[in-house]
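# A structural walkthrough
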Amino acid sequence: MPAHLDPRLLRAFVTVAEELHFTRAAMRLYVAQQALSRDVRRLERELGSELFVRSTRQVTLTADGERLLPYARRVLQAQNDLLAEAGRARPLLVDLNFQGAVTPRRVLRRARELAPGHELMARYESGLAWAASEVLAGRLDASFGRFAGLAPALRAGLEQQPVRYEPMAVVLPEDHRLAALERVPLAALAGETVYAGAGNTRTTEWTELARLLFEGRDIRLAPPAPLAVGDEEFQRIMARSRHPILAVVDFPLLPATVLRPLVDPVPLSPVSLVWRKGLIHPALGVLRRAAAEMAAAEGWLERPGGGWIPDSDCVVMTSA
């Protein structure tokens, strides 16, 4: 017999036992079916017992599985009680990037609805590049953003869950030559200088995404602007430069501007929920569940036909 059992393996076993269906169990746990099957096989090897009878039509518990089930449930309930008690000591600190960011805010709102007894507190760190280091240092618990845009050293200490392919847009002065269009083809931006946060160390993942999108399209990346703190300062700086601003379709509208979706192709900003490896907090599971629910309900992870993302992002968004 093993000296100890990983609670994750027990949770995989209990979920499959309750669903008697590996696909449904994997959806409940927000993991790939192959990963769930590996965990169940590992538990069977460690216990030296077959827990399920699998066929092409059904999954049933063996006698050993029936005997294990009530014990596994008690162990997991004790773990849940322990985590809940530990989590009462402090809130889960969730970075939403900036106050107008719609996707993170909606996920956080849903998490609060799912678990009103937990305290989930919003923070605003502007970009994932900065927030990731705060997460690793323990000053934040979770954030949202483009995971593939982080340095490998940062990614190594983090975990992520894909949340949304967010269609990108452009903010234009209301008298800009393209402002009358309902949608702006990327080719129409040729010759333009577009602001995408160059020089802002908090949002380097966004600037890199813009650079990849503009490459070969004769769209110039606007030079660094003075770092603006707060909405009013940002609006003032952008009004002076009059550069179009690369954004997403849910970006809050600025005075004297219009927001236009980009098309041909539709560029996508890949958004993940990101947290520190090994983080133990009862509200983290609630936040992950909320993200998965919102993504499924809104079709956030359905890529539109012809949607554009860099290859590195495609790998990240499909390998979690």
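What comes next concerns the included structure.

Moving on: the pattern of salt bridges. The final tally for this structure, using the stated rule, is 23 salt bridges. Arg 8 is the partner of Asp 39 in a salt bridge, and the nearest nitrogen-oxygen pair spans 3.0 Å. Remark: Arg 8 occurs in helix H1 (residues 7-19) and Asp 39 occurs in helix H3 (residues 33-47); sequence separation between them is 31 residues. Accessibility expressed as a relative area gives 14% for Asp 39, which makes it buried. One continuous salt-bridge network, built from bridges that share partners, spans Glu 18, Glu 19, Arg 24, Arg 28 and Arg 73.

In the contact formed by helix H2 (residues 22-29) and H3, the axes pass within 9 Å of each other and the chain directions differ by 100 degrees. The angle between H2 and H3 falls in the class roughly perpendicular. Seen from H2, the contacting residues are Phe 22, Thr 23, Ala 25, Ala 26 and Leu 29; seen from H3, they are Gln 33, Leu 36, Ser 37 and Val 40. Residue classes in the contact of H2 with H3 are distributed as six nonpolar, three polar and no charged.

So, about the pairing of strand S10 (residues 245-248). A two-sided burial pattern is seen for S10, the buried positions comprising Ile 245 and Ala 247 on one face and Leu 246 and Val 248 on the other. Taken together, the four bridges between strand S6 (residues 158-173) and S10 define a ladder with antiparallel strand orientation. Bridged to Ala 169 within S10 is Ala 247.

Once that is clear, we can look at the environment of Leu 221. Within the secondary structure layout, Leu 221 lies in strand S9 (residues 220-221). Separated by 27 residues in the primary sequence, Leu 221 and Val 194 have C-alpha atoms spaced 5.3 Å apart. Beyond its immediate stretch of four places on either side in the chain, Leu 221 contacts Thr 193, Val 194, Ala 196, Ala 198, Thr 207, Ala 210, Arg 211 and Phe 214.

Cut-offs used in this document
- The residue numbering used here restarts from 1 in each chain and proceeds along that chain's sequence as written.
- Local features in a predicted model are, by the rule used here, given only for residues with pLDDT of at least 70; side-chain atom pairs are given and counted only at 80 or more, and totals for whole chains, interfaces and linings are based on all residues.
- Values reported for side chains reflect all heavy atoms of the structure, with hydrogen atoms and water molecules removed beforehand.
- When a carboxyl oxygen of Asp or Glu lies within 4 Å of a side-chain nitrogen of Lys or Arg, that pair is called a salt bridge.
- The helix and strand labels rest on DSSP assignments: H or I over at least four residues marks a helix, E over at least two residues marks a strand, and numbering proceeds from the N terminus.
- Note on classification: 1.4 Å probe, protein chains only; a residue is buried when its accessible area is under 20% of the maximum for its type, exposed when over 50%, partly exposed between these limits.
- Geometry is summarised by axes, namely lines fitted to C-alpha atoms with helices restricted to the contacting stretch, and by angles between N-to-C directions that run from 0 to 180 degrees.
- Here roughly perpendicular refers to angles of 65 to 115 degrees, roughly parallel to angles under 35, roughly antiparallel to angles over 145, and oblique to all remaining angles.
- The contact criterion used is simple: two residues touch if any of their non-hydrogen atoms lie within 4.5 Å.
- Three categories are distinguished: nonpolar for Ala, Val, Leu, Ile, Met, Phe, Trp, Tyr, Cys and Pro, charged for Asp, Glu, Lys and Arg, and polar for the others, with Gly belonging to the last.
- Between any two strands, pairing holds if DSSP finds at least two bridges.

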